[in-house]
Amino acid sequence: MARRGKKKGRPVSGWVVLDKPVGMGSTEAVSKIKWLFQAEKAGHAGTLDPLASGMLPIALGEATKTVPYVQDGAKVYRFTVAWGEERSTDDLEGPVTNNSDRRPDEPAVRALLPKYTGVIMQTPPQFSAIKIAGERAYDLAREGETVEIPAREIEIGRLDIVEHGADRTVFEVECGKGTYVRSLARDMGRDLGCFGHIAELRRVEVEPFTPDDFVTVAELEAARFGEKDDDKSGEMDAPIDFSAIDALLVETAAALDCLPQVAVSDDAATKIRLGNPVIIRGRDAPVEAEEACATARGKLVAIGAIEQGMFKPKRVFVG
């Protein structure tokens with residue numbers, strides 16, 4: 001029988017709320033963070049294009065179990081639409097496919113905003129990760145195919161003009177899961193009769209995280225190696241002090257602010273981690289909840305359901 005290989009990396013858990021720079025892909029960012037923390041496991045909560053900057057929440061260890069809750073959270077983007085050109089990718093990367101000499105004034109742009117606020121139907125870009133007959137739309141687009149991508153329902157909480165100029169407008173949008181900002185630029189340009197594409201895109205927030213949680217690659221490297229240490233070999237055999245970089249992690253439980261919180265004793269936490277239900281005590285404890293999270297001493301214990309005054313674990317977390 002083949003021996004099971006030893007896991008590589010540390011069993012570190014928590015969230016890195018990375019301020020991703022332009023030019024770095026989401027997969028590359030995850031690999032970089034995993035290497036800096038020498039973590040066993042890592043994943044991100046929502047792709048951010050290489051041409052975009054801003055918030056890319058990266059989960060380490062046990063926090064990967066909470067990724068779906070962050071993916072479902074509202075997001076805030078600040079983006080610039082350049083008027084006069086439509087591009088194949090709906091951003092700066094692709095070639096120009098349509099152009100116009102027309103430019104919209106601010107009243108015309110402002111009058112369009114209500115159409116793009118609330119629950120609307122949106123068609124994703126040709127260059128997107130949507131699957132068409134089992135293949136990614138961007139793979140088909142790169143092969144020169146134009147495919148019919150069905151429109152889908154999205155929700156936009158607000159869409160504001162931040163700044164308007166002769167050739168471009170800066171917006172801020174708060175939107176739900178599945179919204180493509182590049183599609184907003186494309187569709188607004190068509191409605192205004194002048195075409196448009198994304199010239200700059202930055203993700204400002206991903207609920208429940210805020211800009212106060214931001215950390216940069218440079219800050220992480222400084223915490224990991226020291227300000228004046230040029231040796232970044234990161235050898236696994238070298239004795240390394242991870243306390244400084246670990247201090248930059250956001251607690252795993254922060255991703256579950258959307259759920260009812262139940263504080264339990266250490267004894268109850270032990271029972272829950274073994275998969276056993278426990279009675280919820282306390283005047284303010286919820287009686288029923290389809291999903292809730294149990295914590296002990298501020299640390300996440302489990303996600304589960306509350307039924308008839310009992311917490312029943314569905315997914316437990318290592319203490």
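In what follows, the structure referred to is the one given above.
Overview of the structure.

The rules behind the values
- Residues numbered from 1 in each chain as written.
- Predicted model: local features only at pLDDT ≥ 70, side-chain atom pairs only at ≥ 80, totals over all residues.
- Heavy atoms only, no water.
- Helix = DSSP H or I, 4+ residues; strand = E, 2+ residues; numbered from the N terminus.
- Buried < 20%, exposed > 50% of the residue type's maximum accessible area, 1.4 Å probe, protein only.
- Contact = heavy atoms within 4.5 Å.
- Areas by Shrake-Rupley, 256 points an atom, 1.4 Å probe, with all protein chains shown as cover.
- Core = buried A, V, L, I, M, F, W, Y, C linked by side-chain atoms within 4.5 Å.
- Polar contact = N/O pair within 3.5 Å; in protein donor to acceptor, adjacent residues only side chain to side chain.
- Patch = residues over 30% accessible without salt bridge, like charges linked within 9 Å, V, L, I, M, F, W, Y side chains within 5 Å.
- Salt bridge = Lys/Arg side-chain N within 4 Å of Asp/Glu carboxyl O.
- Phe/Tyr/Trp six-rings, centres within 6.5 Å; stacked < 30°, edge-to-face > 60°.
- Lys NZ or Arg CZ within 6 Å of the ring centre and 35° of its normal.
- Pairing = 2+ DSSP bridges.
- Axes fitted to C-alpha atoms, helices over the stretch in contact; angles between N-to-C directions.

Description of the overall build of the protein
Move 1: Counting its secondary structure elements, the protein contains eight helices and 17 strands.
Move 2: Out of the 319 residues in the protein, the part that is buried amounts to 46%.
Move 3: A sequence separation of at least 24 residues applies to 70% of the contacts in the protein between residues at least 6 apart.
Move 4: Summed over all atoms, the accessible surface of the protein reaches about 17,000 Å², with 48% contributed by carbon and sulfur.

Points about the environment of I161
Move 1: Inspection of the secondary structure assignment puts I161 in strand β10 (residues 152-164).
Move 2: Each C-alpha atom, one on I161 and one on R78, is 9.7 Å from the other, the two residues being 83 residues apart in sequence.
Move 3: Residue contacts for I161: discarding those within four places in its chain leaves E106, V109, R110, L113, T169, V170 and F171.

Describing the nonpolar core
Move 1: Among the nonpolar cores identified, the biggest contains 46 residues, and V16, F37, F79, F171 and M188 are the most heavily contacted of them.
Move 2: Sequence-distant contacts of V16, defined by excluding residues within four places in its chain, comprise I33, F37, L56, P57, I58, L60, V215, L220 and L249.
Move 3: Ranked by size, the runner-up nonpolar core spans 15 residues in total, among them A269, A289, V301 and F311.

A few points about the side chain of T179
Move 1: Relative to the assigned elements, T179 resides in the loop between β11 (168-175) and α5 (181-191).
Move 2: Overall, T179 belongs to the buried group, its relative accessible area being 11%.
Move 3: At 3.0 Å, the side chain of T179 forms a polar contact with the backbone oxygen of G176.

Overview of the environment of A59
Move 1: Along the chain, the position of A59 falls in strand β3 (residues 53-60).
Move 2: A sequence separation of 190 residues divides A59 from L249, and the C-alpha atoms of the two residues are 9.5 Å apart.

Observations regarding a nonpolar patch on the surface
Move 1: Taken together, the side chains of V22, L51 and L92 make up a nonpolar region of the molecular surface, amounting to roughly 270 Å² of accessible area.
Move 2: Mapping L92 onto the fold places it in the loop between β5 (85-87) and β6 (96-99).

Focus on the pattern of salt bridges
Move 1: The full count for this structure, using the stated rule, is 19 salt bridges.
Move 2: One salt bridge in this structure joins D167 and R103, with 3.1 Å as the shortest N-O distance. Of this pair, D167 sits in the loop between β10 and β11 while R103 sits in the loop between β6 and α3 (106-112), placing them 64 residues apart in sequence.
Move 3: The class of D167 is partly exposed, set by a relative accessible area of 44%.
Move 4: For E251, the salt bridge is made with K299, and the minimal N-O distance between the two is 3.0 Å. A residue pair is termed long-range when its members are at least 10 positions apart, and E251 in the loop between α7 (243-246) and β13 (261-263) and K299 in strand β16 (residues 299-307) qualify at 48 residues.
Move 5: In the salt-bridge network here, residues are joined through shared partners; they are R78, R158, D160, E172 and E174.

Observations regarding the packing of aromatic side chains
The relation between two aromatic rings is expressed through the spacing of the ring centres and the mutual angle of the planes.
Move 1: A complete count under the given rule lists four aromatic pairs for this structure.
Move 2: With 5.5 Å between their ring centres and 50° between their planes, W15 and F209 make a pair best called tilted. Of this pair, W15 sits in strand β1 (residues 14-20) while F209 sits in the loop between β12 (196-206) and α6 (217-225), and the two are 194 residues apart along the sequence.
Move 3: Where F79 meets F171, the ring centres are 5.2 Å apart and the plane angle is 20°; that geometry is what we call stacked. Here the residue F79 occupies a position in strand β4 (residues 75-83), and F171 occupies one in strand β11, the gap between them amounting to 92 residues.
Move 4: Overall, the relative accessible area of 1% leaves F79 in the buried class.
Move 5: Among the aromatic residues, ring-to-ring pairing joins F79, W83 and F171 into one connected group.
Move 6: R10 extends its terminal NZ or CZ atom over the ring of F242, reaching a point 3.7 Å from the ring centre.

A short note on the sheet that holds strand β15 (residues 289-296)
Move 1: One open sheet holds the five strands; their spatial order is β13-β15-β16-β17-β14, and the pairing between them is mixed. Each of the sheet's edge strands pairs with one partner strand only, and the pair in question is β13 and β14 (278-279).
Move 2: Packing against the sheet, helix α8 (residues 266-273) makes contact with β14, β15, β16 and β17 (310-316), and its axis sits at approximately 75° to β16.

Topic: the pairing of β11
Move 1: The buried fraction of β11 amounts to six of the eight residues, a majority that puts the element mostly inside the structure.
Move 2: As paired strands, β4 and β11 are joined by eight bridges and run antiparallel to one another. Within the sheet, the bridge partner assigned to K75 lies in β11 and is C175.
Move 3: If you look at the hairpin formed by β10 and β11, you'll find three residues sitting between the two strands.

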